[in-house]
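Observations on the three-dimensional arrangement
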Amino acid sequence: MLYAIISQDVDQSLERRKSAREQHIERLLELKRGGRLILAGPHPAIDSEDPGPAGFTGSLVIAEFDSLEAAQSWAASDPYVGGGVYEWVIVKPFKKVLP
């Protein structure tokens, strides 16, 4: 089943993001290589593809996992969680309807 992992950053998270980004991206690439990643990306803090020093306010990952518990476990071990980037993370089942 698909799950949406919705994360909200702490204030002024940009430097923390930069420190943990390589490990964060590697985990996403593992999902992609396994054919389980639907989409992933951050929410820019301003209306721009490249928000520069304004940074980001959170992230969204939609991926396939065997269960809600597996998705929650994966999300909890994200380097952004351990690196203090995220203030909170919600994991919800997701049903793709379109496209």
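Read on for a plain summary of the structure. In this text the structure is predicted, and so the values were computed from the model without any measurement.

What counts as what
Residues numbered from 1 in each chain as written. Predicted model: local features only at pLDDT ≥ 70, side-chain atom pairs only at ≥ 80, totals over all residues. Heavy atoms only, no water. Salt bridge = Lys/Arg side-chain N within 4 Å of Asp/Glu carboxyl O. Buried < 20%, exposed > 50% of the residue type's maximum accessible area, 1.4 Å probe, protein only. Helix = DSSP H or I, 4+ residues; strand = E, 2+ residues; numbered from the N terminus. Pairing = 2+ DSSP bridges. Axes fitted to C-alpha atoms, helices over the stretch in contact; angles between N-to-C directions. Contact = heavy atoms within 4.5 Å. Core = buried A, V, L, I, M, F, W, Y, C linked by side-chain atoms within 4.5 Å. Phe/Tyr/Trp six-rings, centres within 6.5 Å; stacked < 30°, edge-to-face > 60°.

So, on to the pattern of salt bridges. Following the criterion strictly, the structure yields four salt bridges and no others. The partner of Asp9 in a salt bridge is Arg17, with the nearest N and O atoms 2.7 Å apart. On the basis of relative accessible area, Asp9 is assigned to the buried category, the value being 3%. As a salt-bridge pair, Glu15 and Lys18 come within 3.5 Å of each other at their nearest N and O atoms. Here Glu15 pairs with Lys18, and both are found in helix 1 (residues 14–33), just three residues apart, close to one helical turn. Judged by relative accessible area, Glu15 falls into the exposed class, the value being 52%.

With that settled, the discussion passes to the sheet that holds strand 3 (residues 56–64). The pairing of strands in a sheet happens through backbone hydrogen bonds and is either parallel or antiparallel. Spatial ordering of the open sheet is given by 2-3-1-4, a layout of four strands whose pairing is antiparallel. Here the strands that pair on one side only, and so sit at the sheet edges, are strand 2 (37–44) and strand 4 (86–94). For this sheet the average axis-to-axis angle between neighbouring strands, irrespective of direction, equals 10°. Pairing geometry for strand 2 and strand 3, over seven bridges, is antiparallel. Paired with Gly41 across the strands is Leu60, a residue of strand 3. Relative to strand 3, helix 1 is tilted by about 10°, and along the sheet it contacts strand 1 (2–9), strand 2, strand 3 and strand 4.

Taken as a class, soluble globular proteins show a tendency for nonpolar side chains to be buried jointly. With 11 residues, the main nonpolar core is built from Tyr3, Ile5, Leu28, Leu31, Val61, Ala63, Phe65, Ala71, Trp74, Ala75 and Val91. Residue assignment for this core shows that the elements contributing at least two residues are strand 1, helix 1, strand 3 and helix 2 (68–76). With three residues, helix 2 is the single largest residue contributor to this core. Aside from chain neighbours lying at most four places away, what touches Ala71 is Tyr3, Ile5, Phe65 and Val91.

This next bit is on the pairing of strand 3. Here strand 1 pairs with strand 3 via seven bridges, running antiparallel. By the bridge assignment, Ser7 is partnered in strand 3 with Ser59.

Attention now moves to the packing of aromatic side chains. On inspection of all chains with the given rule, the structure shows three aromatic pairs. Between Phe65 and Trp74 the ring centres are 5.7 Å apart and the planes differ by 50°, which places this aromatic pair in the tilted class. Residue class for Trp74 comes out buried when judged on its relative accessible area of 13%. Ring plane angle 80° and centroid distance 5.6 Å describe the contact between Tyr80 and Tyr86, whose orientation is recorded as edge-to-face. Like Tyr80, the residue Tyr86 is buried in the burial classification. An aromatic cluster of three or more residues is present, and its members are Tyr3, Phe65 and Trp74.

By themselves, these are just geometric observations and shouldn't be taken as functional.
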